[in-house]
Amino acid sequence: MPSRDHEGREGHAGHAGHAGHADRAGRGGSTGGTGRTGEKEPGGASPYVPARGGIPALRRAAADCRGCPLYAAATQTVFGAGPSRARLMLVGEQPGDQEDRAGEPFVGPAGRLLRSALEEAGLEEDQAYFTNAVKHFKFAPVTEGRKRRIHKAPSLGELTACRPWLAAELKRVNPELVVALGATAGKSLLGSSFKVTEARGALLTLPTGTELPLAPGPDGSERADEGEGEDGRRFLATVHPSAVLRAKDRDEAYAGLVSDLRVAARFL
């Protein structure tokens with residue numbers, strides 16, 4: 001499981017502030033331009049990202065991020081977890097219902113499936129850094145009689161607003177390989193034209209810079225041989241584990257995820 005170094009910022013189903021969060025679900029799950037006080041929110045996370053310090057400093061700062069309206073309905077910021085200098089970084093879309101309550105990435109059903117796939121592929125999860133492109137849980141308005149909050153995909157504006165946190169994590173962790181789990185993660189890293197169906201399973205070479213979005217290789221699509229691009233960071237795209245859970249043929253979808261992760265294992 002990803003390391004629990006978020007300094008005790010756990011949320012619970014019975015959290016004192018959670019009822020208020022749920023009451024705000026109708027507006028908190030949207031992308032309006034005002035926060036709790038009615039004042040206009042700043043345009044993105046950049047003003048909140050500290051120039052110095054490692055992952056713990058980023059995590060502390062992210063807890064107070066108001067760079068987009070998603071913070072208003074979420075229980076808490078769900079920042080990345082894992083070794084501060086990991087060779088492998090796994091990037092998902094956003095925290096889910098269970099992650100939002102626990103304050104940890106990938107602790108729900110999709111996270112458990114991902115950890116199983118990592119093990120089967122020969123990758124050690126305690127050597128990986130887990131994070132998401134968006135750090136707050138976005139969900140559809142809660143309706144009467146429904147117990148679980150339903151995930152809602154982040155907008156391009158929300159993805160852009162949160163991108164400075166991912167860029168800062170990329171700079172601090174400095175992984176050799178970045179794995180994008182799904183289209184949203186890929187778009188955050190490579191830009192809005194990214195398509196998981198076109199890039200899946202291809203080991204690409206990325207520039208060593210930390211400004212996002214990055215750009216893969218000279219032609220944007222070429223597979224990188226393992227002996228090339230020694231000065232560049234590698235990138236691999238696969239499906240998000242939640243897509244496996246939704247698949248009609250779950251066994252086939254899971255096998256595909258494991259196959260993609262084995263590409264990462266061979267490189268590392």
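Look up: the structure comes first, before these words.
**Q** How should the overall build of the chain be read in this particular structure?
**A** When its secondary structure is counted, the chain shows 10 helices and five strands. Taking all contacts inside the chain whose residues are at least 6 apart in sequence as the whole, residues at least 24 apart take part in 77%. Looking at the chain as shown, the accessible area adds up to about 12500 Å², and 49% of this sits on carbon and sulfur atoms.

**Q** So what exactly am I meant to see when it comes to the sheet that holds strand E5 (residues 233-238) here?
**A** The strands making up a sheet are joined through hydrogen bonds of the backbone, oriented either antiparallel or parallel. What the five strands build is an open sheet, ordered E2-E1-E3-E5-E4; its pairing is mixed. Both edges of this open sheet fall to strand E2 (128-132) and strand E4 (204-206), since each of them pairs with a single strand only. Within this sheet the neighbouring strands show an average axis-to-axis angle of 25°, counted without direction. Strand contacts of helix H7 (residues 183-190): strand E1 (88-92), strand E3 (177-181), E4 and E5, with the helix running at about 135° to E3, the strand carrying the most contacts.

**Q** What is the right way to look at helix H5 (residues 109-121) in this model?
**A** Since one α-helical turn is 3.6 residues long, residues separated by three or four positions face the same way. End to end, H5 covers 18 Å across 13 residues, agreeing with the expected 18 Å (1.5 Å per residue, within 8%). Burial in H5 covers these residues: Ala-110, Gly-111, Leu-113, Leu-114, Arg-115, Ala-117, Leu-118 and Ala-121. Just downstream of H5, Gly-122 is the residue with a positive phi angle, here 90°.

**Q** Before we go on, may I ask you to explain the pattern of salt bridges in this structure?
**A** Note that side chains of opposite charge can pair when their charged atoms are close. In total, this model carries eight salt bridges according to the counting rule given. Arg-149 is the salt-bridge partner of Asp-100, the closest N and O atoms lying 2.8 Å from each other. Here Asp-100, found in helix H4 (residues 97-102), pairs with Arg-149, found in the loop between E2 and helix H6 (156-173); they are 49 residues apart in sequence, far enough to count as distant. When sorted by exposure, Asp-100 lands in the same class as Arg-149, which is buried. The shortest N-O distance in the salt bridge between Glu-125 and Arg-115 comes to 3.9 Å. Placement of the pair is Glu-125 in the loop between H5 and E2 and Arg-115 in helix H5, with a sequence separation of 10 residues. Among the charged side chains, a salt-bridge network with shared partners connects Asp-97, Asp-100, Arg-101 and Arg-149.

**Q** Can you help me understand the pairing of E5 in this one?
**A** For E5, a buried count of six out of six residues is recorded, marking the element as mostly surrounded by other parts of the structure. Every second residue of E5 is oriented toward a common face, with Arg-233, Phe-235 and Ala-237 on one face and Arg-234, Leu-236 and Thr-238 on the other, all of them buried. Taken together, the five bridges between E3 and E5 define a ladder with parallel strand orientation. Note that in E5 the partner of Val-178 across the bridge is Phe-235.

**Q** I would appreciate a short explanation of unusual backbone geometry in the present structure.
**A** As a rule of thumb, non-glycine residues mostly have phi less than zero, and peptide bonds are mostly trans rather than cis. For Phe-106, which is not glycine, the phi torsion reads 60° and is therefore positive. Its place among the elements puts Phe-106 in the loop between H4 and H5. We classify Phe-106 as buried; its relative accessible area is 4%. A positive phi angle, near 50°, is found at Asn-174, a position not held by glycine. Within the secondary structure layout, Asn-174 lies in the loop between H6 and E3. The class for Asn-174 is partly exposed, based on a relative accessible area of 44%.

**Q** Can you walk me through the packing of aromatic side chains in this structure?
**A** Two aromatic rings are characterised by how far apart their centres lie and by the angle between their planes. Evaluation of the coordinates by the stated rule reveals four aromatic pairs. When the centroid spacing of 5.0 Å and the interplanar angle of 35° are considered together, the rings of Phe-137 and Phe-139 count as tilted. Just as Phe-137 is buried, Phe-139 falls in that class too. Ring geometry for Phe-194 against Phe-235: centres 6.0 Å apart, planes inclined by 85°, an arrangement best described as edge-to-face. Of this pair, Phe-194 sits in the loop between H7 and helix H8 (196-199) while Phe-235 sits in strand E5, placing them 41 residues apart in sequence. Among the residues examined, Phe-235 registers a relative accessible area of 0% and is labelled buried. Taking NZ or CZ as reference, Lys-135 lies 5.3 Å from the ring centre of Phe-79, over its face. Here the basic side chain of Arg-149 rests over the ring of Phe-139, its NZ or CZ set 5.0 Å away from the ring centre.

Calculation criteria
- Residues numbered from 1 in each chain as written.
- Predicted model: local features only at pLDDT ≥ 70, side-chain atom pairs only at ≥ 80, totals over all residues.
- Heavy atoms only, no water.
- Helix = DSSP H or I, 4+ residues; strand = E, 2+ residues; numbered from the N terminus.
- Contact = heavy atoms within 4.5 Å.
- Areas by Shrake-Rupley, 256 points an atom, 1.4 Å probe, with all protein chains shown as cover.
- Pairing = 2+ DSSP bridges.
- Axes fitted to C-alpha atoms, helices over the stretch in contact; angles between N-to-C directions.
- Expected span 1.5 Å × (residues − 1).
- Buried < 20%, exposed > 50% of the residue type's maximum accessible area, 1.4 Å probe, protein only.
- Salt bridge = Lys/Arg side-chain N within 4 Å of Asp/Glu carboxyl O.
- Phe/Tyr/Trp six-rings, centres within 6.5 Å; stacked < 30°, edge-to-face > 60°.
- Lys NZ or Arg CZ within 6 Å of the ring centre and 35° of its normal.

Just geometry here; none of it tells us what the structure is for.
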